[in-house]
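Spelled out from the first residue to the last, the chains are:
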Amino acid sequence: MTKPMPLSFSRLSTFEQCPAQFDYLYVSKRVQGTTNEASEYGDRVHKVLEAKGNGSLDEATLSLEGKQTLERWGSVVDKITSRPGEKMFEHQMAVNRQLQPVDWFAKDVWIRSIADVLVVDGDTAYCLDYKTGKVKDNPTQLQLFAAMVMWHFPQVNTVKTSFIWLKFDQVTNAKYERRFLGALWSALEPRFDKVQEIIDLGVFKTKPSPLCPWCAAKDLCPDAKLKGKRR
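My aim in this report is to walk through the structure given alongside it, one point at a time. Because the structure is predicted, anything quoted here is derived from the model rather than measured.

## Some words on a positive patch on the surface
Line of reasoning, step 1. The grouping of K79, R83, K160 and K175 at the surface amounts to a positive patch.
Line of reasoning, step 2. Note on placement: K79 falls in helix 4 (residues 64-81).
Line of reasoning, step 3. Under the relative-accessibility criterion, K79 is labelled exposed at 63%.

Printed below as a string of structure tokens:
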């Protein structure tokens with residue numbers, strides 16, 4: 001096996017959606033990822049809530065939109081900061097193939113995750129992720145968060161994870177215990193291994209879907225072009 005490519009939940013999702021798209025974006029790098037107003041808005045909301053959490057609000061984050069963000073969701077951050085325990089915002093975690101914590105840019109880094117909010121209180125941790133889009137049922141990101149936290153914080157035996165669906169005032173919760181970490185990772189590991197196997201093989205098949213016309217590689221991929229003509 002060659003040196004592993006750094007992966008993440010986002011990259012795994014892209015691969016499973018379409019291996020060819022993964023190649024275009026991250027391996028051959030023939031295209032760059034695109035953004036839209038929804039994703040850019042989500043980034044701005046995250047920055048404002050992060051700044052409030054770590055006490056670094058300034059004029060840049062207190063634009064009219066920033067003030068509206070705080071008026072609508074600032075209380076969410078207040079509730080988080082009122083919890084006991086060490087609080088970390090936009091906390092980066094990375095491991096190598098041996099699942100040992102490493103620096104974000106370590107030469108042997110394999111998997112990376114960023115927690116919007118991480119609170120470590122003794123043997124319990126709370127890992128929270130803000131969402132500005134529609135409510136979706138996808139536990140993979142929460143599972144990976146839980147594993148990452150337990151690898152990085154040996155004293156933590158329980159990780160309580162949450163998606164906070166800001167626009168819908170809903171929360172998706174899941175709890176993970178260290179005694180089940182082996183089983184949790186056994187379900188995730190083959191999916192990450194599959195990505196590396198295909199990278200080593202160098203054959204990235206297309207997986208046509210209704211999303212093809214919005215793919216960053218739509219001008220290069222024959223299947224995306226075909227889907228575009230059918231719209």
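Here the narrative resumes.
## A closer look at the packing of aromatic side chains
Line of reasoning, step 1. Inspection of the entire model under this criterion finds seven aromatic pairs.
Line of reasoning, step 2. Where F15 meets F22, the ring centres are 5.6 Å apart and the plane angle is 90°; that geometry is what we call edge-to-face. Taken individually, F15 and F22 each receive the classification buried, so the pair is uniform in this respect.
Line of reasoning, step 3. Judged by centre distance (6.1 Å) and plane angle (90°), the ring pair of W110 and W185 falls under edge-to-face. Placement of W110 in strand 3 (residues 109-121) and of W185 in helix 6 (residues 181-201) is noted, with a sequence separation of 75 residues between them.
Line of reasoning, step 4. Residue class for W110 comes out buried when judged on its relative accessible area of 0%.
Line of reasoning, step 5. Residue W185 is classed as buried on the basis of its relative accessible area of 7%.
Line of reasoning, step 6. In this structure an aromatic cluster arises from ring pairing among W110, W151, W185 and F192.
Line of reasoning, step 7. Stacked on the ring of W110, the Lys or Arg R97 has its end atom at 4.0 Å from the ring centre.

Reading the values: rules and limits
One numbering rule holds for all chains: residues counted from 1, following each sequence as written. For this predicted model, a pLDDT threshold of at least 70 governs which residues receive local features, and a threshold of 80 or more governs which side-chain atom pairs are given and counted, while totals over whole chains, interfaces and linings are taken from all residues. Hydrogens and water molecules were not included; the side-chain quantities draw on all heavy atoms of the structure. Patch membership requires over 30% relative accessible area and the absence of a salt bridge. Like charges are linked within 9 Å, and nonpolar side chains (Val, Leu, Ile, Met, Phe, Trp, Tyr) within 5 Å. We get accessible surface area from the Shrake-Rupley algorithm with a probe of 1.4 Å; when it comes to residues, only the shown protein chains can shield them. By definition here, a salt bridge exists when the distance from a side-chain nitrogen of Lys or Arg to a carboxyl oxygen of Asp or Glu is within 4 Å. Positive charges come from Lys and Arg, negative ones from Asp and Glu, while His and the chain ends are left out of the count. Charged groups are reduced to one reference atom each: NZ for lysine, CZ for arginine, CG for aspartic acid, CD for glutamic acid. The helix count covers DSSP runs of H or I at least four residues long, the strand count covers runs of E at least two residues long, and both are numbered beginning at the N terminus. Remark: exposure states derive from per-residue accessible area (1.4 Å probe, protein chains only) relative to the maximum for the residue type, with buried under 20%, exposed over 50%, and partly exposed in between. Pairs were defined over the aromatic rings of Phe, Tyr and Trp, the Trp ring being its six-membered one, requiring ring centres within 6.5 Å. Orientation was assigned from the angle between planes: stacked under 30 degrees, edge-to-face over 60, tilted for the rest. Throughout this description, the term charge over a ring refers to an Arg CZ or Lys NZ atom that lies within 6 Å of the ring centre and within 35 degrees of the ring normal.

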